[in-house]
Structure formats: C-alpha cells, structure tokens
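Below are the chains, spelled out letter by letter.
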Amino acid sequence: MASLTEDHPPIGIHDINDESKHKKLNTDVVERESGEREMGHSIHRSGSRPQLDLSKAAIQGNFEEKDPTILLPNQSDDISHLALDIGGSLIKLVYFSRHEDRSVNDRRKKSIKEIFGVSNGNRRSYPILGGRLHFVKFETAKINECLDFISSKQLHRGGLDARHWNSDAPDNENAVIKATGGGAFKFADLFKERLGVSIDKEDEMGCLVSGANFLLKAIRHEAFTHMEGQKEFVQIDTNDLFPYLLVNIGSGVSMIKVDGDGKFQRVSGTNVGGGTYWGLGKLLTKCKSFDELLELSQRGDNRTIDMLVGDIYGGMDYSKIGLSASTIASSFGKAISDNKNLEDYRPEDISLSLLRMISYNIGQDIILETSKCCCTVALCTVPEAQCMIYIAYLNALRFGLKRIFFGGFFIRGHAYTMDTISFAVQFWSKGDAQAMFLRHEGYLGALGAFMSYEKHGLDDLMVHHLVERFPMGAPYTGGKIHGPPLGDLNEKARTRSSWISDMAGSNLSRDAWISWMEKFVRKGTEITAPVPMAPPGTTGLGGFEVPSSKGDTLRSDASNLNVGVLHLVPTLEVFPLLADPKTYEPNTIDLADHGELEYWFTVLSEHLPDLVDKAVASEGGTEDAKRRGDAFARAFSAHLARLMEEPAAYGKLGLANLLELREECLREFQFVDAYRSIKQRENEASLAVLPDLLMELDSMNEEARLLTLIEGVLAANIFDWGSRACVDLYHKGTIIEIYRMSRNKMQRPWRVDDLDLFKERVLGLGEKKPHPHKKALLFVDNAGADVVLGMLPLARELLRRGTEVVLVANSLPALNDVTAMELPDIVAEAAKHCDILRRAAEAGGLLVDVMINAADVNKENSSSVPLMVVENGCGSPCIDLRQVSSELAAAAKDADLVILEGMGRSLHTNYNAQFKCDALKLAMVKNQRLAEKLIKGNIYDCVCRYEPASSDLQSSSLC
Ligand SMILES: Nc1ncnc2c1ncn2[C@@H]1O[C@H](COP(=O)(O)OP(=O)(O)OP(=O)(O)O)[C@@H](O)[C@H]1O
Ligand SMILES: CC(C)(CO)[C@@H](O)C(=O)NCCC(=O)O
Ligand SMILES: [Mn+2]
C-alpha cells in the first residue's frame, strides 16, 4: 500500500480546527491526452493540439527565406476556417479551429453508446466538429502582418471550398476565403498573390446584421447595458428581438434597421466617424496609437480650446434658444484668438475637443439627411457630445425601434463612450429606448462573413453549445519568454521544425518561426484597448463634463482580454433534470460583491507561485515547462487583474468561472495533470483499504450502514487539493490517518442534516415501505479516498438496493478531481474485491476489458442493475448544468435521484439548484468564509441536503 506522507506524525482533531485560519485555495493543473502518431516520422504531440499531417509537406518559395511558408497538402484533420472583415481602419479575423478528436481508447464510450444510443464519442457525426472561434484584429495599414499571421497558422488552407467549408476536397486549387468590408475588394489581388486564395466577397451590411443576430442568439452574455459605470448583461429573448436599430461606428458610421434574419435596411450613415477621430487626432497630437489618443482625452479639458457659448455671451447662457453657457459654440474656436501654435495646446485638450467635435458633426450630418423635423431642436439644445447618439435615437424613433445596439471598434468597450451613449438615448427617449452594447462589438462583420459559409451548421447553435473561454493572447507570453508562446503555435513550431531539420537538414525554421512569434508578441501588444474608466458626470442640457479617469495610464493589455475564445461544443446540452433551466444560476456566490471578488482574487493569487511550481514539476521541471509555467502565471495574473478592474469583462462572473479560468489557463499552456501522481497514490492507498471498509459495512444493520456510508462520503471529501487548509493537513499525516480522524469527527447533526429524510425514502419508516430509487446519477468529486472510500461504497449500497447507478465525472482533469477516463480502472480494481460492484460494472459495460476469473462469476446473478460512468462535459471543479455532455443528458432522462458531491459541484455551484427529481447534496465545507456565508457555520462543517422532487419541496433543516 502506498501511503501519502508516511513519515509525518499523525494529527488530531485539534489540528483540523486550527486550520480554519487558512483561507487560501490550492490549485491544480489538467491533463491532455498525448500520444505518438506515425507520419513518416514519429512525432510526439499533445493530443489537444492541432494535428498536422506533414506528409508531402513542402516549403513554398525559397528555403533561404526568413519565414518560408510551408504547404501541407494532406492536412485535413484540423482544418481551420477563416473569415475576414477588412475595414478602413482595422482588419478583423474570425477563425475556427477544431477540437482534437478525443475519441481515444475509452472503453466507457462503447457501452454508453449502446446503452443510451448517443454518439458523443463520435463527434464526426455532427455537421461541424467541436472547436474554437478565435477573434483577432490587425490594423488595415499593416495588412502584411495579417497575411503573415494567416499564412503562419495556415488558416487559408481551411477554406478549401467556401461553399462547403467542411468539404473533403483535398486540393487547394479553388481555395476561397469569405471576406467583407471594403478591403475584400481592395485587397483581393494581394490575397491571391500572397496566399494563393480567392476572396469570396460578402455584403458588408448583411454581414454586420447576421453577425449581430448570431451573437444575440448564441452567446449568453453578449448584450449589455452600460449606465453610470454599471454594466448589466441582458438576456435577449430571441423571439422578441426584432426590429432593432444597429449602429456600427467604424471608420464611418452605418445605421441599419434590422427586421429579421437577412431582413434589413441601411437607413443612414455618415463619413465622420471613428476614422475621423483617429485620423485628425493623430495629426494634431502626434499620438502613435488610438488608445493613446483615447487615454489623452480622459485627462483633457476641452474648454481651453473650444469656444463655449459663455465665452461669447460673457459667461451667460443664451437661454432664449436653450443654450447653456457651457455648451460648445464652436469647436476649436478659441484657437482663433488665442494666438497660439499647435504646440501650445495640451494634446489632452485637443483629443477631448476632437472627440466631442466628431460626435457633434456626425450628428449634424445625419440630422440634415434623415430628420428634417427635429434638426433645429437637435442643433440648438442637444449637448454636442451626444449628437450622433441623438441621431441614432431619431432613427430609432422614426421606425419605432426600442432597442439600439451599438457596434464597431470606435466604442472599444470604453466606459465613458458607452455611458455617454446610454445617457443620451435614455435622455431623449425619456426612458423609452435603450442603448445596448455587444461584447464582440468590432467583430460583427467578420462573424457575419463567417456565417455565410454554407453547411457549417452554425445556424443551429444554441446558447449551451458555446462556452466562452479566455484568450491567452501571445502578448501575455511576451517579455522574457522566448520561443513560440502559444500552445498550438508551439506545437506547430515543434512539428514543423522537426520536420524541417529532418527533411532539409537545416534548423532554420524554428528560429524563423520564433522570430516571427516575437514580432507578433510585440505587435499584438500594440493593438490595445483602454481599461474602462469611471463614469462621466452628466449634466443633461449642459453637456458632458470632462471624463474622470481612474488612473494616469490605460493598461495596454486590456483589449486582448476583452473577448474570449468561443468554444463550440455542439454536443453540449442542458441538463434535462433541471427544474427550470431559465432561472437556473450555477453560481452560489455572486462575485459582483467586490469584497467577495477580492477575497477569491487573493486566494488565487497567493497560491499562484505554488501552483506554478507544481505544474512545472509535473512536466519534469524542464526548461520548456518553466517557460510555460512563467507564461501561465503571466496570463492568469493578467486575467485576474483585468477581472478585478472589470468583473464583468468576460460576461457574468461567478466563482465557478474563476476556477474554470485557472484550469483553462493551465490547459492553454499545455500543462498535463499536475495531480496525476498524487491521484494515483491516493487511489492505490484507498483501494488497499477498501475491502476492510466493505467488510465493516457489511457487518452493520442497514440503518447503521446508511449512516456510515453518508458519513464516509462527507469524511472522505476532506481530500481536496483545492483547499489550502486541507493541503496543510496532508503534510501532517497519512491519508488513512486523516480519513480516520475525519470520520471520527463526524458528529450529527451536521450543519445541514437531512439524512433522516433521505433514510426514510431509502429504508422506509414505520408503515412507510422502503422505496429505492430507479436510477441515480452520482456526481463525483475527488480521486483517492473521496471516490474510493466515499462514493463507491455509497454507489454499491444503491446498487445492492436495485438502484441503477451512473457515476458522473469530469471530462478533463481539474485539481485532484477524478475524471471519467480514470474511473473505469478504479471501478475495475474495486470490483476485484466486491461482487456487487463487479456484476454491476459488467452490466454497465465497464469491465469488458478486465480479466475476470471465470470461476468467480456467478452467472445466475448476472442480471444485476448496471453501474456506468459518464463524462459531464466539464474540466472544472464546478459544474454549470446548462452545459453538460450529451451522454450525461441521455443518462439523466430516466434518473430519479441526483447526488452532487463536493464543494465545487454542490456548494460553489448548484447549492440552490432545483431539480425535477430527488437531489442529495453532500459536502464538507473546507473554507471558513464559505462556511460562514452559506451555512452560518465553520470550516469542516458538513452539508447533507436532501430535496425530494415532490412539489411540496421541503426546506432543508439548518441545524
Ligand atoms: N487599435 C485601434 N487602431 C485603430 N483604430 C481603432 C483601434 N481601436 C479602436 N479604433 C477605432 O475604431 C475605428 C475602426 O472601427 P471598425 O474596425 O469597426 O471600422 P472599420 O471596419 O475599420 O471601418 P469601416 O467599416 O468604416 O470600413 C477606428 O477608426 C478607430 O476610431
Ligand atoms: C463605407 C462604409 C460602409 C465602409 O465600411 C462605412 O465607412 C460607412 O458607413 N461610411 C459612412 C458613409 C456615409 O453614409 O456617408
Ligand atoms: Mn467596418
């Protein structure tokens, strides 16, 4: 038997209680499959990364070239798909990369397919495979960088045939990329020349509309309002979306009335837009970037350069026509009489004056075109900075539109801009119309172009098919990181360079690739966005005050952290046993409470160095692992910092999202399961004592046994590498000692104790007959004692009583959570010592591969209820039941009991979830703050919450 820390002295209960001081959280990394594949050369790769088919690969052009393009004619396994919106200022790219085919040798899958008739294991049956949508932008003036990017990622190779984007056609002769925006026309020849692809031009307005419609339909937290610094997500009812006004503020401005999918009309536009602000601003302030200019405006005072009504009227209002003294009478008008040169004005003031002037002129132009009746009012009384918004409003009014969505990169997630717009729309409409913003504001056109590929199956995507994960942009791996920093690039670089050195006897490519990446790192950092500022002071008629700024500088990395990568998983489904999916909220604690966010931020940050050490060690402590560890730490810290400043940056934020972010971040930097060896050791140690435990249980009467079993689950839930307090414990005793101590501490009543109610159902009471459940879904938590000594014996008891059991485990590793891939071996091992488990596992198809001693098998008993394992579709310690694997959804259909075990699944998330069937939530609370908050208790208190499905849902008894 392997035990964890045998050389440490045992601990007592006293030690455990002392741990309540600790409030840190421990973390973990996750594993991806890795393997070897024959491809002429045997290449080791991470299975989660694109798999390149290098056969017949050839360098295009000159071998001596610095960044040669490599053609991969037989590449088909991981085709990426690309669409572009090439605007006057920026090029927007949306590209898709497939998820790896995870259908590795998973014996579970076969039986699950047979039993539930689902084909989750075979993703190829879907029109599109699971994958990711990435969002990237470049300046149009630097189109060559964009072409380099496309070429280096071979994105143009995916568009083999634009009409059928998942075409199997192997040849690249008719390669076509969908593109919209003026640049689709202007640069078509360049694309042909540089990449050998044709551009299939899509109508710009149509793309903006279909992009917006797609986002509003498919992304849960896409649209939001922004008032006085407060961002609020709005879940749009797609049946009640139309009509709306779409205002796209790019270089120029377009206003489009949208009546339905493909039904729209451009009702107005103006040539004075974002491009004007940036262009003139550049000339007048010598700013090098748009953000610099925007940042300047935050600290500007336009009164030093604008001529105000008060300047002309001796400080007085011109009230007869409704102009206040502070209204701008003439933008830049003071420069006439000041007798100053450009250099004498502060660039800050120029920028703000310009920002206001542009907005005013946009408004004025459209007034003349579209609104004859209102122009005088608008010209005379409307605060100048609000004019273009006023026009948007007038247009909305004209067409009876209540909702105005704003898109285009001019908005830039900029708090001041959005607040100004919102205020104006509200002001003029007297609260009738509402301004809304879109998280993917700048990518509407590119997404629309992407949607125009036929047969990609995206039209049918539902909210639960898309999981937004966090962008790990190259800029985060810049600085002292050397070499290709991003996972897939890293992998491609490795495979390419090994191919090149093998085939061409040269190692030029890796260096060339790295230098390209370094360049990208630098460039990527340049395209940045400001961190939103404090809300402006608005004074209604008097115009807007100078925007207040949170700090002197804008963080240069924020724009890379504005939208995440969208993971498309067409196999995800809403958990069918949720009582009301519409009102379901997975997170128990709302991180909108800043104190709460700060607490978890500290917990996660403090633990980061430890986590990096562990992650690096788990990868053999190599130089590459250190580099990735460093990159991971930067990326994760940047995300945390971003979220501290703007908690809603990636949509509504809960603890589940934060914990998932950490796991995703580790995955992004290719860390395989850091807890794998710990999990293995704990599994072994626990399996070694399992027979004794089962014997002990079997000697009890059924009432004592049920109590012992639930106690066992709660006690074993102490093994949680996500809890700092628990991790400290592990250094003080062997796991068996800790387990015993934890068992001994189990004194009823627990803090939440519904055991009697559960017992009544299972064992009956007095006249009431036992009423075993038909089928139970057991959401398991940790590997080791938790699953082996806690949940498996409970599962065994249910099986013994005729309840079918489905063990539901993570699809990907997170902390020391057991995964669905790991469970069959654990069950097989346990089944060696237990007939009930063995027969059930056989019936559930889990033991097909295991050598079973034929003599042991009692054929007559082989009609046992099955024990199965299904994956939940998650890779996080928490579970969002709106997005679970289709095999879990299928398994859930006829279940009448759900058991959620562990803090992540039953407390951080789902504590308040209501189910259509009976639910049992079991956990030991290993965090003092959560204990206080949730159950008014203390660390190591236990929760046994049983909620029968009946309509008269009984509230659990808080003892
Ligand atoms: N990093 C940036 N670089 C340049 N402009 C930026 C940047 N960020 C925001 N902007 C603003 O966004 C505008 C471009 O927005 P967007 O990409 O939506 O328009 P576009 O598609 O290039 O233009 P159009 O649709 O008129 O052809 C710029 O003119 C500028 O005002
Ligand atoms: C020309 C487009 C459509 C190019 O995206 C855009 O820049 C725009 O809407 N400009 C405004 C042109 C006008 O309506 O006066
Ligand atoms: Mn555009």
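This text gives an overview of the structure that appears in the document. (Residues numbered from 1 in each chain as written. Chains lettered and ligands numbered in written order. Predicted model: local features only at pLDDT ≥ 70, side-chain atom pairs only at ≥ 80, totals over all residues. Heavy atoms only, no water.)

Looking at ligand 2, the residues that line it are E204, M205, G252, V253, S254, R266, G269, T270 and N271. Taking G252, its main chain carries an N or O atom lying 3.5 Å from an oxygen atom of ligand 2. Contact with the protein chains removes 60% of the 390 Å² of surface that ligand 2 exposes when unbound. Of all the secondary structure elements, the ones that give two or more residues to the shell around ligand 2 are α6 (204-218), β13 (253-260) and β14 (263-270). Top element by residues in the shell around ligand 2 is β14. It accounts for three residues. Class assignment of the residues belonging to the shell around ligand 2 gives a composition of two nonpolar, five polar and two charged. (Near = heavy atom within 4 Å. Polar contact = N/O pair within 3.5 Å; in protein donor to acceptor, adjacent residues only side chain to side chain. Areas by Shrake-Rupley, 256 points an atom, 1.4 Å probe, with all protein chains shown as cover. Helix = DSSP H or I, 4+ residues; strand = E, 2+ residues; numbered from the N terminus. Nonpolar A, V, L, I, M, F, W, Y, C, P; charged D, E, K, R; others polar.)

This next bit is on the sheet that holds strand β25 (residues 897-901). Read across the sheet, seven strands follow the order β21-β27-β26-β25-β22-β23-β24 without closing on themselves; strand pairing throughout is mixed. The strands lining the two open edges of the sheet, one partner per strand, are β21 (752-753) and β24 (867-871). Relative to β25, strand β22 (residues 775-779) runs parallel, the two being bridged by four bridges. Looking across to β25, one finds that L777 is bridged to V898. In the packing of helix α25 (residues 755-763) onto the sheet, the strands contacted are β21, β25, β26 (918-924) and β27 (942-947), and the crossing angle to β27 comes to about 45 degrees. (Pairing = 2+ DSSP bridges. Contact = heavy atoms within 4.5 Å. Axes fitted to C-alpha atoms, helices over the stretch in contact; angles between N-to-C directions.)

Where burial is concerned, most of β27 is hidden: six out of the six residues are buried. The two faces of β27 match: C942, C944 and Y946 on one face and V943, R945 and E947 on the other face are all buried. Note: β21 against β27, two bridges, orientation parallel. Bridged to V752 within β27 is V943. (Buried < 20%, exposed > 50% of the residue type's maximum accessible area, 1.4 Å probe, protein only.)

What follows deals with the packing of aromatic side chains. Think of a pair of aromatic rings as described by two things: how far the centres are apart, and how the planes are tilted against each other in angle. Tallying each qualifying case throughout the model produces 20 aromatic pairs. With a centroid separation of 6.2 Å and an interplanar angle of 85 degrees, the aromatic rings of W278 and F290 are classed as edge-to-face. In this pair, W278 sits in helix α7 (residues 274-285) while F290 sits in helix α8 (residues 290-298), placing the two residues 12 residues apart along the sequence. Overall, F290 belongs to the buried group, its relative accessible area being 15%. Three or more aromatic residues link up through ring pairs in this structure, and these residues are F224, F233, F406 and F437. (Phe/Tyr/Trp six-rings, centres within 6.5 Å; stacked < 30°, edge-to-face > 60°.)

On to the environment of M821. As for its position among the elements, M821 is in the loop between β23 (804-809) and α27 (823-831). For the pair M821 and A809, spaced 12 residues apart in the sequence, the C-alpha separation amounts to 8.5 Å.

Taken together, the neighbourhood of ligand 1 is formed by 18 residues, with S89, K92, S251, G274 and R412 sitting nearest. Within the contact set of ligand 1, a nitrogen atom lies 2.7 Å away from a side-chain nitrogen or oxygen of R412. Protein contacts shield 92% of the accessible area of ligand 1, which totals 640 Å² for the unbound molecule. Contributions of two or more residues to the shell around ligand 1 are made by β6 (90-98) and α7. Grouping the constituent residues of the shell around ligand 1 by class yields six nonpolar, nine polar and three charged.

Within this structure, the stated rule accounts for 45 salt bridges. Note that R299 and E348 form a salt bridge whose closest N and O atoms lie 3.9 Å from each other. With a gap of 49 residues between them, R299 in the loop between α8 and β15 (307-308) and E348 in helix α11 (residues 347-370) connect regions that are remote in the sequence. Its salt-bridge partner being E664, residue R667 comes within 2.9 Å of it at the nearest N-O pair. Pair noted here: R667 and E664 are both in helix α20 (residues 655-668), with a separation of three residues, about one helical turn. (Salt bridge = Lys/Arg side-chain N within 4 Å of Asp/Glu carboxyl O.)

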